[in-house]
Amino acid sequence: MSSDFETYEQDFGTLTAEVTSRIGKIPKLAGDEKKQMVVGVEKQLEESRELLEQMDLEVREIPVQSRGMYNNRLKSYKQELEKLEKDFKRSRIAYSDEVRNELLGDDGNSSESQRAHLLDNTERLERSSRRLEAGYQIAVETEQVGQEILENLHHDREKIQRSRDRLRETDANLGKSSRILTGMMRRIIQNRILMFILGAIILFTIVLAIYFSVRGH
């Protein structure tokens, strides 16, 4: 999974480098060439967002113990993309003002006021986006913590189950040993009884032999 992440990472780096270069060229262009440049940058920013989404999905598949490093890298790429989008918005605002001035022949004063208003609105949107991103990051981290807790609980459950199995096995072995010992004790007692009876018979036979021998004399 990490190899896929690194592939997306390389594509993202190449794409953002090209976007940075093209954004810097927008103010220096004019007419159709500038329009084409703006459209091209919009497409590349959309591709960059898609790459970040793919990297986010890849990070979710990486083991928990290795996920922190990739999350930090992904976070830095998101911040880089936010900066590019901010720079692009400013270049688009300048481009829109330029087109409007060409069409209406403004003296530039109203354009500056509108530009300031648009920049203010842009800053507000960016702040809202950052808050949403922070909330999303918190949700992702909460999900990761939940996954870690579930994995720990699963491991603990397996340990408890193995301990129960060992206890059952030990109880079974103790039961077998108890039965074996009981059987051995029973056989020992039986053997002693038999030896006692046999000894009594032999003693009785000797006494009878002595008796009849004395009586015969």
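Residues numbered from 1 in each chain as written. Predicted model: local features only at pLDDT ≥ 70, side-chain atom pairs only at ≥ 80, totals over all residues. Heavy atoms only, no water.

Per an unreviewed UniProt entry, the chain is named Vesicle transport through interaction with t-SNAREs 1A, and its organism is Erpetoichthys calabaricus. Database annotation for the chain, UniProt heading Subcellular location (unreviewed entry): "Endomembrane system". UniProt, in its Sequence similarities (unreviewed entry) section for the chain, records the words "Belongs to the VTI1 family." (UniProt positions renumbered as here; feature names shortened; annotations may be inferred.)

(A) Broad picture of a nonpolar patch on the surface. Taken together, the side chains of Ile-189, Ile-193, Phe-196, Ile-197 and Ile-201 define a hydrophobic patch exposed on the protein surface, amounting to about 510 Å² of accessible area. Looking at the element boundaries, Ile-201 is found in helix α4 (residues 109-216). (Patch = residues over 30% accessible without salt bridge, like charges linked within 9 Å, V, L, I, M, F, W, Y side chains within 5 Å. Areas by Shrake-Rupley, 256 points an atom, 1.4 Å probe, with all protein chains shown as cover. Salt bridge = Lys/Arg side-chain N within 4 Å of Asp/Glu carboxyl O. Helix = DSSP H or I, 4+ residues; strand = E, 2+ residues; numbered from the N terminus.)

(B) A look at the side chain of Ser-91. Looking at the element boundaries, Ser-91 is found in helix α3 (residues 64-104). Among the residues examined, Ser-91 registers a relative accessible area of 9% and is labelled buried. At 2.7 Å, the side chain of Ser-91 and the backbone oxygen of Phe-88 are in polar contact. (Buried < 20%, exposed > 50% of the residue type's maximum accessible area, 1.4 Å probe, protein only. Polar contact = N/O pair within 3.5 Å; in protein donor to acceptor, adjacent residues only side chain to side chain.)

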